[in-house]
Each structure stands twice: as C-alpha cells, then as structure tokens.
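Okay, here's what each chain looks like letter by letter:
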Amino acid sequence: IVFFSLEMQLVQVLQKLFDDYVKTTSQRLKIIDAYMFYILLTGIVQFVYCVLVGTFPFNAFLAGFISTVASFILAACLRMQVNEENKDEFNGISPERAFADFLFAHAVLHLVVVNFLG
Amino acid sequence: VITMRVVGLIATLIACATAEKIFLSSYWSAADTKRISESFQNVLSSKDDLSSLHYATSGLRLLGQKVDDAKSKRVCALAQKVNDKDADALFHAASIAGDLSSCALTTPSAKTTVEAVAKEVDVNSERLFDALTTADRLNLKIDDTSFDKALTAAITKDASPKSLSNALAAASLLEKSIGAKYVSKIGSLVEQADEVDGKYLQLDGGLSVTATAVYGIFQLAHQQGKAPAITKDQVLQFSNHLLSRRQVFADRAAYNVIRAIGVLINNGYFVPASVSLESSVDLSKSLRLHVSNLFGAALPGAVTVRVEKLTFGETVVDSAKTATKVASDSSSTLFEVSGLAAKEAGHYILHVALEAADKKVIGTSSISFPVKATSEATVEGLEVVVADRDGKIQKKQSIASFARAPSAFTVDSSSTIGVSFTVKSKDGSALRPHQAFVIFEHVESGEEVVFIADAQKTEGAYKMDVNLVKEGKDFGGHSGGYRLRLVIGDSLIRTTLNWIIADATITVPAVSAEVVRKSEKVDYSVLPSITHMFRQPEKRPPGLISDAFTLIALAPILILVFLWARIGVNLSAMPTSIYVPIFHVGLAALFTLYFVFWLQLNMFETLKYMAVIGGVVFIAGHRLLRTMAEARK
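Residues numbered from 1 in each chain as written. Chains lettered and ligands numbered in written order. Predicted model: local features only at pLDDT ≥ 70, side-chain atom pairs only at ≥ 80, totals over all residues. Heavy atoms only, no water.

### Focus: the overall build of chain A
Then, in step 1: Regarding its fold elements, chain A presents 4 helices and 0 strands.
Then, in step 2: Looking at the 118 residues of chain A, the share that counts as buried comes to 32%.
Then, in step 3: Nonlocal contacts in chain A, meaning residues at least 24 apart in sequence, comprise 69% of its contacts between residues at least 6 apart.
Then, in step 4: Summed over its atoms, the accessible surface of chain A is roughly 7700 Å², and 70% of this surface lies on carbon and sulfur atoms. (Helix = DSSP H or I, 4+ residues; strand = E, 2+ residues; numbered from the N terminus. Buried < 20%, exposed > 50% of the residue type's maximum accessible area, 1.4 Å probe, protein only. Contact = heavy atoms within 4.5 Å. Areas by Shrake-Rupley, 256 points an atom, 1.4 Å probe, with all protein chains shown as cover.)

So this is what it looks like as structure tokens:
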C-alpha cells in the first residue's frame, strides 16, 4: 500500500466516496443531485461561452447565468428540506410543502429571467 | 485825454452790463430744411393718420416748401373724411385744410365740438390750445369766457411746463383782454427751466414742451404788445437748446422746433443772431464769418461785424478791425476779415462783436473763436550715419533739404543707423514739432517700421538711432530694399513734411515664424462637413459559434435524463387522481407561456394569462401533493 503514488491514493479516496454516496443516499436525494449536476453543467457551458465571445448582450448572459445559479440554489434548498436526516431542523415543513415552495419559487424565477432575457 | 478815458470806461461798463453770457454758433441750415422736407414729403405720400399728415403739411408750409398736386389731393381727401364730432381728429384736419391750398372741409358740427372741449371735465391746456387752433383755422366764433375759465382751471390744477406752455399759446388765441390775465404766467414758466452747462435752457417734458413754450411766450407777447418777462440770456439759451436738437426726425417734434425757430426770427422783441466761422481757422488766410438769424438768413437791419481783439494767451495782439461784407454773397450773411497781425505761430482767440442797427438783435457779444497762426517748417543738417557693431562709422551722408541721398546704404544685421536733423521754421526760429518720425518702408511688402526721433538739448534738434542687434526684430524678418522717410508734423505747421531721404538695403535678423495656436487661428476656408454617424451595433460572434453553444448548453438535459434513468425514477408511485394530468399540463402551460412571453408578449399580458394558469396549477398541485402526503401517512 505504501508503494501507491499520490494520484493512485486520490483516485482510491474518490472511488470510496462515490461508492458510499451511492449506497447511503436515498433515491429521492439522488434524483435531486442529478438535477443539480445538470444545472451545474448548463451554468458552466454558459460561462465558457461568455468568456470566449464576450458579454454582448450582457442582459441575456446575466439572465441565463443567474437562472442556472438560482435554480441550483433552489434545488439545494429542496434537497435540504426533504432529507430525512434533517427532519428535526425543518419541523412542520413536509416534503410536499418543500416541493410546492420549490415549484412556486421556480415559477417566479423563470418569469423574471424571461423578462430580463429580452 | 482824461475825459476820453472816463468815456471809454463808462462805455466798457455799459457794454459789460448789457453783454450776454453766450452766443449762438449754429443755425437751421438749408441741409436741415432738405432733410426734414424729404421726411415730411414721404409722410404725405405714405401715411394715412391725420396727425402725421398735419405735422407734415404744417412743417412744409413753415419751411416754404411746395406740396405737389397729387399729394395735396390725396391728403385733402383724407382730411375731408374726418368725423367732425371728434375734437382731436378735427384739430388735425382743420390744420391740414388750412395748410394746403384749395382744400375746404365741410364740418357742420365743428363749432359744437370745439365748444364742448371747454366744457369737458378736467380738460388739460393742450386740448384747449388744440381746440382754439381749430376754431382759428376754421374761422369759428366761439365763446372765449368758457375757454378762459377752463384754461385757468387747467393751469391751477397743473402748473407743469407742459401745461403752462400750452396755456400761453392758447391764451394768445383768445381776446386781448382775456389773454392779459396769463402774462404773469410767463415768469412762472421760465422759472421752471433747467440750465445746462450755462449754455442751454430746457423745460421738463421733452423737446416739444420747450419749443411750444418759446412759441407761446412770444405769441402772447405779440398779442399783448408788451415785451415778455424773459431775459436776453434766457432767450439765447432756449434758442441754443432748440438748435442743438434740430436734427430730430419725429414729425411732431420737428414741426414744433420749426415753429419755435420761426417765432424767434420775426417777433417784435428778441431776434437771436448766429455767428459762425465758415473758413479755416488758419490766420494766414482771410477769415470768413457767417452772421445770420436762426434760419440762416440775414438779420434785420444793418449789421456791422467788428473784430474786437485777437488775443494770444493774455496779450492782445490786434484789435478793432472791421470785417467787410463779401461782395459775391447774395444772402448778405458772409463777412470777411484779413490781415490780422499774428506774427508768432500758435493758438489765438478771436473776439468778435456785432453792432446791429435793429435793437431786437441779441447774442451780439461774448463771441469768440479759437484760431491759429501756422508756419512753414524746413529741415536742416540732415545726416544719416551707418555704423557697425563696434561703433566704427561705415558710411555717412549729409542730405540736402528735400533731396534724396545720392547713394543707397547697405546695412547688415549687426549695424546701427542714426539720423539727425534740425527743424526750423521758414523765418529761422526753431520748432518743436509734435511728430518727428523716421519711417522705414519695406519696398516689397509695404510694411512700415516707425521710429521716433528724440528731441536733443538744442531747441529743434532731433536724433534717431536704430540698433539692429537690439531692435532688429521690429522689422519682422523682412530683409531687402527699404525707403527711409522723414515725417514732421504739428498742428502749427502748415504743410506736413513727408520726405523720402534715402534708400537702403537692410539685412535684418530672421524672425522665427510665429506659431499660432490652433484655437487662435482664423481659417475662413470651408471646413469638412460633419455627417452624423449613427451608433454602430456591437460586434457579435458569428452565428455558427452561438448556434453551436446553444446546442452544447442544451446537451446536459440528455445527461440528466440518462442519470435519472440510471437512478430509477419511480413513476409507478404516481397516484391516480384527476389532478395529476391537470397539474402537469398546467405546469407545462405555464412554461410555454413564459416562452411565448419571451418571443412576443409583454409583462401585462403575461401576468394576465399567468393569473389564470397559475391559479389552475396552484389548486391542482396543492390537491395532488395533499393526496400524496396522505398516501404517505
């Protein structure tokens, strides 16, 4: 084991982390995590585009980028609220309620984003 | 001898007692007549209002100018249309009819209108004078007592110069016994006059007030047959004021001035004289004096013009010469005197006195004119010296009077040029001219550089030095051929000297071109025209890249679907409820609405639709989630 290089050790740690994740996370949370990963990718693509070709039209870039950022944040909030381990923290907010809030926030967010998109 | 001296002393005392303060040196000339007649004639052809036409016709009549038939007919026609119930219009029309030949008005109600003016409440003296003039022109017999009452009331109420001057003129048109009551007002009117500079007397209210006052005073005096309570000096000062304003252009003011001057020419008490110097002030020629009344015509009676004395500062140089009438003068107004003994060049004062046989003539003393005696100048001992930097004389030339140097000078940029000369008058005495310059005239460009010759200790000696090392830049970098000119001038030198003394070729130090700042440069050429540049759209990336990235940005959706499939989306746990499809369809509709909003709607419409769809989604979602929550429990 001592003979493994640093890269090999890093890979092993990450592998273990991923396996643990798959085993211990509930399905519901994994769905949300996948969704968050998707949002992240979309945000990165938009940012790379902006860096490459410039910020014109700036409002369009901001609308798109903030849409991804805000969606990510809302998804993070939803994940926190439906996680059974946090049940004591969010006493009185059922998962359905959390999901309803999530939907409402998204409705408002997208209205604003589309307005700013121009 | 003693008796003669006593007589002389008494005569001087009498002369001083009757000597006036000022004399008049201007008069209404033919040029003034021409100027104002043209203006009046213009009014007659172009204006329609009765008041302007009145002043024009009356002014032309007083000046003895003819009005041609066409204008006369036109103006008469306008006057005949007058409404004879309007006192002001009637006044102007009556005067016009009186001024024009063969113009008669039919005014049946004229008498009533005129008499009604006297009965008006608080009527002013100007209106009363106008009404009385109307009656006079139309030969109406009116009630003098009512006018007298109204006039007295008017001046009791208002004793201003305007009111009093019109009152006096009005009183002169009433009966003699009634007019006598107003004679004392002459004094009150003259008291109110303001003296300016000791030379002018004017009344408040404008030029017309002063003119009407003079007219009124003398008309009333004429009616009463008594001299007016006004002194000779006051008459002269009033006349001076009127003459100083004779170039007025307004119709009414001009007419009033002409009328006032007219009364000053042929009244029975004071006829002011005007004495002016018509020739040049140079005593070397004979002096010509113009002696006339205020209209430029000869004074009444015989007039002798004497030169009392010619003074040079305090000394009397000449005295008691009589001026002779100029034989060729038909107007009998020009007098000449010559041969006055003024030996020394300088400024003298000529004192003139008039002796008029007619005792009415005033303004005959205290007459003086500044004159001068001049001399001719010559220049002697003119020498031009060119020396080099060390003072060594390179060339020296003496130039004879009014000659030109025989050979030209060559001067380089390190030399000095000196010019020295003496100015003398023709009779040998030295002169100190006001202007003694040497001008360097550049032949090619015409540029002139002027240097002042400085007076030296000897009276009349002058020297000019130009050091090209120090003063070279005055020449502005113009090298080449120059002409040197000597200029001598003074008010007491009869002929100015402008004498080319030499030619020179001068090399001057170059002067660097003056850099004119762009903001100070004057450029009259056509500047490039400015066309408006509209805002260019910003650079956008090529369509290919943006389309590619659109696809790349949408690509993660596939990854999401794949991951969700891997994780295992639990669709079978969906409850069977009517709200399920409604909720999902509603949600889809909401986001479709947003898409349409992006493409074409505005916020208000979107909110309108959103209210509907949102309501549906909210209710459906709420029910659905409740169902799921209960199912979970």
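### What to know about the overall build of chain B
Then, in step 1: Within chain B one finds 19 helices and 22 strands.
Then, in step 2: Residue pairs in contact within chain B that sit at least 24 positions apart in sequence constitute 70% of those at least 6 positions apart.

### Side note on the interface of chain B and chain A
Then, in step 1: The interface of chain B with chain A comprises 34 residues on the first partner and 30 residues on the second.
Then, in step 2: If you look at where chain B meets chain A, you find 0 salt bridges.
Then, in step 3: Breaking the side of chain B that touches chain A down by element, the ones donating at least two residues are α16 (543–554), α17 (556–567), α18 (579–599) and α19 (603–632) of chain B.
Then, in step 4: Looking at the side of chain B that touches chain A, the element that brings in the most residues is α19 of chain B, giving 8 residues.
Then, in step 5: By residue class, the composition of the side of chain B that touches chain A is 26 nonpolar, 4 polar and 4 charged. (Salt bridge = Lys/Arg side-chain N within 4 Å of Asp/Glu carboxyl O. Nonpolar A, V, L, I, M, F, W, Y, C, P; charged D, E, K, R; others polar.)

### What about the UniProt feature "transmembrane region" (unreviewed entry) in chain A?
Then, in step 1: As annotated by UniProt and renumbered to match this structure, "transmembrane region" (unreviewed entry) occupies residues 35–54, 60–78 and 98–117 of chain A.
Then, in step 2: Within residues 60–78 of chain A, the helical portion is 100% and the strand portion 0%, while the C-alpha atoms at the span's ends are 27 Å from each other. (UniProt positions renumbered as here; feature names shortened; annotations may be inferred.)

### Focus: unusual backbone geometry
Then, in step 1: Phi at S332 of chain B is positive, roughly 55°, even though this residue is not glycine.
Then, in step 2: Secondary-structure assignment places S332 of chain B in the loop between β8 (324–325) and β9 (334–337).

### What about the pairing of strand β20 (residues 461–467) of chain B?
Residue and element names in this part refer to chain B.
Then, in step 1: Extensive coverage of β20 is indicated by the burial of 5 of its 7 residues.
Then, in step 2: Here strand β16 (residues 416–425) pairs with β20 via 7 bridges, running antiparallel. The residue of β20 that forms the bridge with I417 is V466.
Then, in step 3: The pairing of strand β19 (residues 454–455) with β20 spans 2 bridges and is classified as antiparallel. Of the residues in β20, the one forming a bridge with D454 is K463.
Then, in step 4: Counted between consecutive antiparallel strands, the loop separating β19 from β20 contains 5 residues, among which G460 sits at a positive phi close to 95°. (Pairing = 2+ DSSP bridges.)

### Side note on helix α12 (residues 207–224) of chain B
Residue and element names in this part refer to chain B.
Then, in step 1: Compared with the 26 Å implied by 1.5 Å per residue over 18 residues, the 26 Å span of α12 between its first and last C-alpha is a close match.
Then, in step 2: Here α12 lies mainly inside the structure; 16 of its 18 residues are buried.
Then, in step 3: G225 sits one or two residues past α12 and shows a positive phi near 70°. (Expected span 1.5 Å × (residues − 1).)

### So, empty space enclosed by the protein
Residue and element names in this part refer to chain B.
Then, in step 1: Within this structure, the stated rule accounts for 3 cavities of 30 Å³ or more.
Then, in step 2: Considered as a void within the structure, the largest cavity measures approximately 40 Å³ in volume.
Then, in step 3: As for the largest cavity, its lining consists of A87, D88, F91, V117, R127, D130, A131 and T134.
Then, in step 4: At the level of elements, α5 (87–99) and α7 (125–137) are the ones that each hand at least two residues to the lining of the largest cavity.
Then, in step 5: In terms of residues, the lining of the largest cavity owes the most to one element, α7, which gives 4 residues.
Then, in step 6: Tallied by class, the residues present in the lining of the largest cavity amount to 4 nonpolar, 1 polar and 3 charged. (1 Å grid on protein atoms, 1.4 Å probe; cavity = no way out; pocket = protein on both sides within 12 Å on 5 of 7 lines; lining within 4 Å. Points joined across faces, edges and corners; volume = space filled by probe spheres on them.)

### A word on the packing of helix α2 (residues 30–46) of chain B against helix α4 (residues 69–80) of chain B
The angle between the axes and the distance between the axes are what describe a pair of packed helices.
Residues and elements named next belong to chain B.
Then, in step 1: In the contact formed by α2 and α4, the axes pass within 9 Å of each other and the chain directions differ by 60°. One element, α2, and the other, α4, form an angle in the oblique class. Where α2 crosses over α4, the handedness of that crossing is left-handed. Between α2 and α4, the contacting residues are Q41, V43, L44, S45 and S46 on the first element and K71, R74 and V75 on the second.
Then, in step 2: Across the contact of α2 with α4, the residue classes break down as 3 nonpolar, 3 polar and 2 charged. (Axes fitted to C-alpha atoms, helices over the stretch in contact; angles between N-to-C directions. Parallel < 35°, antiparallel > 145°, perpendicular 65-115°, else oblique. Left-handed = near helix turned anticlockwise from the far one by under 90°.)

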